There are 2 protein chains.
Amino acid sequence: MQSLRTILEAIARGDLSPREAVATSLDAIDTLDGTIHAFTARADRETVLQRAEQADGPLAGIAVGVKDIFDTHDLVTAYGSPIYAGHRPAADAAIVAMLRNAGASIAGKTVTTEFAFFQPGPTVNPHDHAHTPGGSSSGSVAAIAAGMIPAALGTQTGGSVIRPAAFCGVAGYKPGFRLVPTVGSKTFSWSLDTTGFFAATVDDVAHFAALATGRALDPAPADPAKLRIGLYRTSVWNEAEKSMRSAVEHAAAAAQRAGATVIEIEEPDELAAAREIHSTVQNYEAHLALGHELRCHADKLSPTLLACLERGALITPDAYDSARTTARRARKRTTALFEQVDILLTPSAPGPAPRGLDTTGVPLFNKLWTLTGNPCVNVPGLKNAENLPLGVQIVSRFARDHVALAAGKWLEMVL
Amino acid sequence: MQSLRTILEAIARGDLSPREAVATSLDAIDTLDGTIHAFTARADRETVLQRAEQADGPLAGIAVGVKDIFDTHDLVTAYGSPIYAGHRPAADAAIVAMLRNAGASIAGKTVTTEFAFFQPGPTVNPHDHAHTPGGSSSGSVAAIAAGMIPAALGTQTGGSVIRPAAFCGVAGYKPGFRLVPTVGSKTFSWSLDTTGFFAATVDDVAHFAALATGRALDPAPADPAKLRIGLYRTSVWNEAEKSMRSAVEHAAAAAQRAGATVIEIEEPDELAAAREIHSTVQNYEAHLALGHELRCHADKLSPTLLACLERGALITPDAYDSARTTARRARKRTTALFEQVDILLTPSAPGPAPRGLDTTGVPLFNKLWTLTGNPCVNVPGLKNAENLPLGVQIVSRFARDHVALAAGKWLEMVL
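A brief report on the enclosed structure follows. In this text the structure is predicted, and so the values were computed from the model without any measurement.

### Points about the overall build of chain A
Point 1. For chain A, the helix and strand inventory stands at 14 helices and eleven strands.
Point 2. Its C-alpha radius of gyration of 20 Å places chain A within 12% of the 22 Å reference for a compact globule of 415 residues.
Point 3. Projected onto its principal axes, the C-alpha coordinates of chain A cover approximately 55 × 55 × 40 Å.
Point 4. Residues classed as buried in chain A amount to 65% of the 415 residues present.

As structure tokens, this is what we get:
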């Protein structure tokens, strides 16, 4: 994989120019994407290289893949839907403008499932092409895992940052809710949609997020002597495969051996209850957010999405309001958990990437934290017996994104 | 003015067809808009009338003016900015699709200030053409006040629903934060932007919002015997003109005589503090939300907006985070106020519409409630010595929108 920090250090030393760094990424895309199918639209090579030469921000030399759910004024943005084939938005999404301001090169748009829901695109998992890369940020994670680019953007409404990162063995960071703007990404659920970041390692993704946002998101690795880890098996632990349960327990044991404190945390009732209402919030909002598409282009929606939106249309405002109340209670209860521990350690997914390209796997271990809005990090590095990646997830207190990232950096060294 | 409820009742009785009702509105626009300048784009007359004939939702027969900050797939959407002259979005905003699903007719797009900030459009105040209609939802309120249409959409980031409603003597309703989707409106500040409704009276606007959203927003007028009103002069009371201070006190006295309980409420420190940080939240978010425009089209931004975005770019993430913390404290403290009273009664604006078309007035009495996210209603009906409208504002507890609307319905009968 291409390491963002390694590239930036080489540029800082003068061993590499931003243009050369970006050219390396574009060459890798040329070589590999015919097999991986991570990109839906590519920026013009010479334009990108010329801009990279002139760029002077902290991300100069970094080729970024932008999930095709974010608007780009100079690249087709189709949101994974035939409705928007050939669509050219008038403006860049906020985070895209932020990346350009920081000197990054937008290498192209990466495959998203249809409107970032479940209908997959053509992307394969670089670790085994017969397996899904996960979704909805499929192209972004695959492009990093295959070594095409050092950084990419995603979004998470259910589990679309952490799960594909886990399936492809890359680092994924879902910031706390509304820390990073979603402006200019296609809305599915305004209470849940969250902009996220991908890179090869937690160290790389923290550096990427810090430079993209200007925020203090690149802390030193956590000091194990001060790190209290909550081993959080969740109320759905038995729905995780054995390999995943072992991976989480292995990570906890390794952390403890390396000096961290590990405490078992039972899932509070308020959080178990919140698991049940994520789809109420999501589907109610989706049928309104995609109201135009449902009204004017229902024939071009996948059966999966159409069924979701039709379920959403049957949810009453009262049921939705009640779900929001359940979510608020869960948020409060989650905050209280972090009186006891600094982070929670929990599965990133039920197991490794499932075989087949028809589904992108299930967001069982992610959607709770999208609903509560807590920061999450996928720590890669473990594998199952078939050599497929297994990710473990770190969750921190709201507005303590740096705590999750510091713990993730430390844990990836330990693993 | 055209009353939404009166029109719908006439249609229900069979005295009027939806097509005739909409034709009346379109005729009024033809007659009046050459003077008022409320519309930026008009829907094709025959298309609108044919659709009205076929419409079967609860808003069939209602011609709606849509603030030109909301995307419409069939009408130019320019956000009040030359950058977007001639822009045709790919999809309708969520609330526009909701209105169409409810059978409403989109009569046209109404003038907004530039990106719903302060740079005014050409609209005049129908009560005195030498005065501003207020902003940013200038065209929507003027079109209702002039009697062109019975209903319109607006948005509020500072005071852009309540203030212009007060200046033009119409009812304005700013729902609680995120009750109504903003999806497909041009984002200025994602923590503040709020979709709002306008109609001739509070009774009309409640009925409009209820039919547009499918929510229980059309309650019976409040029972005065059970209504506890907090007379909320605010910590900036002395910045209101005498006519406005008198109007609020007059409304409180009238409510008390009519049987309501009136209690004086001092502004808590947490709310006074929150007044100071609205612009921190707004400007920080605006410089990111309009990052593309600032990056690629700075020469086409007004000096006022450019200065705002440049101020926003200087705000550190720490200062912004600290402002968000202040806002959270204010929200909690506001909720506590509503243990004592059902609603707050406070000015809608510092006075009547100022003379001149160069500014849209100040949102001094509005932006606090946009920041806290509480529901607000402008109750029209009072006037100053020069016969210009004066509005009083009702604020209710978060998620108690119906309480503000019920109180507003009752108060407008009393006044």
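### Notes on the relation of the copies chain A and chain B
Point 1. By a simple turn and slide, chain A fits onto chain B: the slide is 0.0 Å along the axis, the RMSD is 0.0 Å, and the turn is 180 degrees. Expressed as an axis order, the relation between the two copies is that of a two-fold axis. Among all residues of chain A, the one whose C-alpha sits closest to the rotation axis is Pro89(A), at a distance of 4.1 Å.
Point 2. Both copies share a contact surface, since 100% of the interface residues of chain A are interface residues in chain B too.

### What to know about the sheet that holds strand E3 (residues 105-110) of chain A
Residues and elements named next belong to chain A.
Point 1. Pairing is mixed in the open sheet, where eleven strands are placed in the order E1-E3-E2-E4-E6-E5-E10-E11-E9-E7-E8. Of all the strands in the sheet, just strand E1 (39-42) and strand E8 (261-265) have a single pairing partner and so form its edges. The mean inter-strand angle of the sheet, taken between neighbouring strand axes irrespective of direction, is 30 degrees.
Point 2. Pairing of strand E5 (residues 171-174) with strand E10 (residues 376-383) involves three bridges; the strand directions are antiparallel. In the strand pairing of E10, Tyr173 is matched with Val377.
Point 3. The strands that helix H2 (residues 18-36) touches are E1, strand E2 (63-67) and E3; relative to E1, the one it contacts most, it runs at about 130 degrees.
Point 4. Each of E5, strand E7 (228-232), strand E9 (343-347), E10 and strand E11 (389-396) is contacted by helix H14 (residues 401-414), which is oriented at about 145 degrees to E11, the strand it contacts most.

### Section: the sheet that holds strand E1 (residues 39-42) of chain B
Residues and elements named next belong to chain B.
Point 1. Ordered in space as E1-E3-E2-E4-E6-E5-E10-E11-E9-E7-E8, the eleven strands form an open sheet in which the pairing is mixed. Strand pairing shows two members of the sheet lacking a second neighbour, E1 and strand E8 (261-265), which therefore form its edges. Going from strand to strand, the sheet's axes swing by 30 degrees on average, the running direction of each strand aside.
Point 2. Where strand E2 (residues 63-67) and strand E4 (residues 151-156) come together, three bridges link them in parallel fashion.

### Describing helix H5 (residues 138-145) of chain A
Point 1. Taking burial as the measure, the eight residues of H5(A) include eight buried ones, the bulk of the element.
Point 2. Ser138(A), Gly139(A), Ser140(A), Val141(A), Ala142(A), Ala143(A), Ile144(A) and Ala145(A) are the residues of H5(A) that are buried.

### Quick look at the interface of chain A and chain B
Point 1. The interface of chain A with chain B comprises 35 residues on the first partner and 35 residues on the second.
Point 2. Here chain A packs against chain B, burying approximately 2900 Å² in sum over the two surfaces, 57% of which is carbon and sulfur.
Point 3. The interface formed by chain A and chain B holds two salt bridges in total.
Point 4. Its salt-bridge partner being Arg215(A), residue Asp321(B) comes within 2.7 Å of it at the nearest N-O pair.
Point 5. At the junction of chain A with chain B, the criterion picks out eight residue pairs in polar contact (both at pLDDT 80 or more).
Point 6. Grouping the amino acids of the side of chain A that touches chain B by side-chain chemistry returns 17 nonpolar, eight polar and ten charged.

### Remarks on the pairing of strand E4 (residues 151-156) of chain A
All names here are of chain A.
Point 1. In terms of burial, E4 is largely enclosed, as six of its six residues are buried.
Point 2. Both E4 and strand E6 (residues 194-199) contribute to a ladder of six bridges, which runs antiparallel. Across the sheet, Gln156 pairs through a bridge with Thr194, a residue of E6.

### Overview of empty space enclosed by the protein
Residue and element names in this part refer to chain A.
Point 1. With the rule as written, the count across this model stands at seven cavities of 30 Å³ or more.
Point 2. Taken as a whole, the largest cavity holds about 50 Å³ of empty space.
Point 3. In this structure, the largest cavity is lined by Val111, Pro120, Gly121, Thr123, Thr132, Pro133, Gly134, Ser138, Leu357 and Thr360.
Point 4. Of the residues that constitute the lining of the largest cavity, the class distribution is four nonpolar, six polar and no charged.

### Side note on the pairing of strand E3 (residues 105-110) of chain B
Residues and elements named next belong to chain B.
Point 1. Taken across its six residues, E3 has six buried, putting it largely inside the fold.
Point 2. Across three bridges, the pairing between E1 and E3 is antiparallel. Bridging from a neighbouring strand, Phe39 pairs with Thr110 of E3.
Point 3. Bridge count for E2 against E3 is five bridges, and the pairing is parallel. Each residue of the ladder has a partner; that of Gly65, found in E3, is Gly108.
Point 4. The handedness of the E2 to E3 crossover, carried by helix H4 (residues 94-101), is right-handed.

### Considerations on the pattern of salt bridges
Point 1. A full pass over the atoms with the stated rule returns 44 salt bridges over all chains.
Point 2. Notably, a salt bridge pairs Asp15(A) with Arg13(A), separated by 2.8 Å at the nearest N-O pair.
Point 3. Residue Glu270(B) is joined to Arg333(B) by a salt bridge in which the shortest nitrogen-to-oxygen separation is 3.6 Å. Here Glu270(B) is found in helix H9 (residues 269-275), whereas its partner Arg333(B) is found in helix H13 (residues 317-337), with 63 residues between them in sequence.
Point 4. The class of Arg333(B) is partly exposed, set by a relative accessible area of 28%.
Point 5. Several salt bridges converge on common partners, so that one network encompasses Arg5(A), Asp203(A), Asp218(A) and Lys409(A).

### Thoughts on the side chain of Ser81(A)
Point 1. Note that Ser81(A) resides in the loop between E2 and helix H4 (94-101).
Point 2. Beyond its immediate sequence surroundings of up to four residues, Ser81(A) is in contact with Glu114(A) and Phe115(A).

### Description of a positive patch on the surface
Point 1. On the surface, Arg328(A), Arg329(A), Arg331(A), Lys332(A), Arg328(B), Arg329(B), Arg331(B) and Lys332(B) cluster together to form a positively charged patch.
Point 2. Only helix H12 (317-337) of chain A together with H13 of chain B provide two or more residues apiece to the positive patch.

### Observations regarding the state of the cysteines
Point 1. Scanning the model with the defined rule gives zero disulfides over all chains in all.
Point 2. Free cysteine Cys168(A): the closest other cysteine sulfur is in Cys376(A), separated by 18 Å.

### Things to note about the packing of helix H7 (residues 202-213) of chain A against H14(A)
All names here are of chain A.
Point 1. Running from N to C, H7 and H14 point in directions that differ by 155 degrees, and their axes come no closer than 8 Å. One way to sum up the angle between H7 and H14 is to call them roughly antiparallel. Along the contact surface, H7 presents Val202, Asp203, Val205 and Ala206, while H14 presents Leu405, Gly408, Lys409 and Glu412.
Point 2. Split into classes, the residues belonging to the contact of H7 with H14 amount to four nonpolar, one polar and three charged.

### Considerations on the layout of surface pockets
Point 1. The calculated volume of the largest pocket comes to roughly 1800 Å³.
Point 2. Around the largest pocket, the lining comprises 45 residues; the ones closest to its centre are Arg328(A), Arg331(A), Lys332(A), Arg328(B) and Arg331(B).
Point 3. Those elements that place two or more of their residues in the lining of the largest pocket are H12 and helix H13 (367-372) of chain A together with H13 and helix H14 (367-372) of chain B.
Point 4. Here the residues of the lining of the largest pocket sort into 13 nonpolar, 16 polar and 16 charged.
Point 5. Of the residues contributing to the lining of the second largest pocket, the split by class is 22 nonpolar, twelve polar and 14 charged.

### Section: the nonpolar core
Point 1. Counting 274 residues, the largest nonpolar core has Leu59(A), Phe197(A), Leu59(B) and Phe197(B) as its most contacted members.
Point 2. Among the elements that make up this core, the one with the highest residue count is helix H9 (residues 269-289) of chain A (eight residues).
Point 3. Once you skip the residues sitting within four places of it in the chain, Leu59(A) turns out to touch Leu4(A), Leu8(A), Leu99(A), Ala102(A), Gly103(A), Ala104(A), Phe208(A), Leu211(A) and Ala212(A).

### Observations concerning the packing of aromatic side chains
One pair of aromatic rings is described through two measures. These are the centre distance and the angle between the planes.
Point 1. For the structure on display, the rule yields 18 aromatic pairs over all chains.
Point 2. Ring geometry for Tyr84(B) against Phe115(B): centres 6.0 Å apart, planes inclined by 85 degrees, an arrangement best described as edge-to-face. In this pair, Tyr84(B) is assigned in the loop between E2 and H4 and Phe115(B) in the loop between E3 and helix H5 (138-145), connecting sequence segments 31 residues apart.
Point 3. The class of Tyr84(B) is buried, set by a relative accessible area of 4%.
Point 4. Above the plane of the ring of Trp237(A) lies Arg233(A), whose end atom (NZ or CZ) is 5.3 Å from the centre.

Criteria and thresholds
Residues numbered from 1 in each chain as written. Chains lettered and ligands numbered in written order. Predicted model: local features only at pLDDT ≥ 70, side-chain atom pairs only at ≥ 80, totals over all residues. Heavy atoms only, no water. Helix = DSSP H or I, 4+ residues; strand = E, 2+ residues; numbered from the N terminus. Rg over C-alpha atoms; globule rule 2.2 N^0.38 Å. Buried < 20%, exposed > 50% of the residue type's maximum accessible area, 1.4 Å probe, protein only. Least-squares fit on C-alpha atoms with pLDDT ≥ 70 in both. Contact = heavy atoms within 4.5 Å. Pairing = 2+ DSSP bridges. Axes fitted to C-alpha atoms, helices over the stretch in contact; angles between N-to-C directions. Buried area = accessible area lost by both parts, 1.4 Å probe. Salt bridge = Lys/Arg side-chain N within 4 Å of Asp/Glu carboxyl O. Polar contact = N/O pair within 3.5 Å; in protein donor to acceptor, adjacent residues only side chain to side chain. Nonpolar A, V, L, I, M, F, W, Y, C, P; charged D, E, K, R; others polar. 1 Å grid on protein atoms, 1.4 Å probe; cavity = no way out; pocket = protein on both sides within 12 Å on 5 of 7 lines; lining within 4 Å. Points joined across faces, edges and corners; volume = space filled by probe spheres on them. Right-handed = clockwise from strand over helix to strand, strands pointing away. Patch = residues over 30% accessible without salt bridge, like charges linked within 9 Å, V, L, I, M, F, W, Y side chains within 5 Å. Areas by Shrake-Rupley, 256 points an atom, 1.4 Å probe, with all protein chains shown as cover. Lys, Arg positive; Asp, Glu negative; His and termini not counted. Charge placed at Lys NZ, Arg CZ, Asp CG, Glu CD. Disulfide = S-S within 2.5 Å. Parallel < 35°, antiparallel > 145°, perpendicular 65-115°, else oblique. Core = buried A, V, L, I, M, F, W, Y, C linked by side-chain atoms within 4.5 Å. Phe/Tyr/Trp six-rings, centres within 6.5 Å; stacked < 30°, edge-to-face > 60°. Lys NZ or Arg CZ within 6 Å of the ring centre and 35° of its normal.

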